[in-house]
Amino acid sequence: QQVVILVLGMFIGAWVGKKFVKRFRVVSVASMAAAMLATAILFCLRFTGTASGEDLIMLTDGLPLGMVLIYIATAIGGFTSVVSQSTYSTFWQSNTSREEIPTGQALYTFGSTGGSVIFGAVAGLVLGSSGDYSRVFATGFCFAVAGFVCALTGFRFSKEEQAAAK
């Protein structure tokens, strides 16, 4: 995941920055779609023998399919991290007056940390009550769907910003 973050971080930030108003929503929606895909892939571990501890499904070269799925999902998760690290803070900063930046940073950090804490608590509750980590991934998928809806409907730029971007 860190390799993906290091490599893509430079390119995605630069690409979005060139036409921020036009590209921000596209990248945000893609990020949430990627989060949905990653959690769906991890949910599928239950069908590879990885979740049940039964016989593992092996690929032709002797590599467990579950391991490959984890690598793929982790790389996709790296993309979602890149987007959040390189674009979301820029979005709120572009819509906040200079005097309000400290308050905005505090609220952004609180919201980000709060979201992590809430998901961690819900995931712990699901795992503790069911003992099945694939249900945690299903819960993560539901959270990603909520993020996807927010990305589709929530990010707005003022008409002045849209006109200036043309």
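Everything below is about the structure shown above.
The following refers to the structure shown.

Reading the values: the criteria
- Residues numbered from 1 in each chain as written.
- Predicted model: local features only at pLDDT ≥ 70, side-chain atom pairs only at ≥ 80, totals over all residues.
- Heavy atoms only, no water.
- Helix = DSSP H or I, 4+ residues; strand = E, 2+ residues; numbered from the N terminus.
- Buried < 20%, exposed > 50% of the residue type's maximum accessible area, 1.4 Å probe, protein only.
- Contact = heavy atoms within 4.5 Å.
- Core = buried A, V, L, I, M, F, W, Y, C linked by side-chain atoms within 4.5 Å.
- Axes fitted to C-alpha atoms, helices over the stretch in contact; angles between N-to-C directions.
- Left-handed = near helix turned anticlockwise from the far one by under 90°.
- Nonpolar A, V, L, I, M, F, W, Y, C, P; charged D, E, K, R; others polar.

### Re the overall build of the chain
- Of regular secondary structure, the chain possesses 6 helices and 0 strands.
- Ordered by position in the sequence, the α and β elements of the chain form the string α-α-α-α-α-α.
- With the principal axes as the frame, the chain shows a C-alpha extent of 60 × 35 × 25 Å.
- Looking at the chain as a whole, 32% of its 166 residues are labelled buried.
- Long-range pairs, those at least 24 residues apart, make up 70% of the contacts in the chain with a sequence separation of at least 6.

### Considering the nonpolar core
- Ranked by size, the top nonpolar core spans 24 residues in total, and within it Ile12, Phe20, Phe24, Tyr88, Phe91 and Phe155 carry the most contacts.
- Among the elements of the structure, helix 1 (2–18), helix 2 (20–43) and helix 3 (65–94) are those that each provide at least two residues to this core.
- Ranked by the residues each element gives to this core, the list is headed by helix 2, at 9 residues.
- Look past the residues within four positions of Phe20 in its chain and what remains in contact with it is Thr87, Thr90, Phe91, Ser94 and Phe157.

### Brief notes about the side chain of Thr139
- Examined against the element boundaries, Thr139 turns out to sit in helix 5 (residues 133–153).
- Under the relative-accessibility criterion, Thr139 is labelled buried at 14%.
- Ignoring sequence-local partners within four residues, the contact set of Thr139 consists of Phe119, Val122 and Val126.

### As for the packing of helix 4 (residues 101–130) against helix 5
- Packing of helix 4 against helix 5 leaves a shortest axis separation of 8 Å and a crossing angle of 150°. With respect to the hand of their crossing, helix 4 and helix 5 are arranged in right-handed fashion. Note on element contacts: helix 5 touches helix 4 through Tyr133, Arg135, Val136, Thr139, Gly140 and Phe143, opposite Ile118, Phe119, Val122, Ala123, Val126, Leu127 and Ser130.
- A breakdown of the residues in the contact of helix 4 with helix 5 according to their chemical character gives 9 nonpolar, 3 polar and 1 charged.

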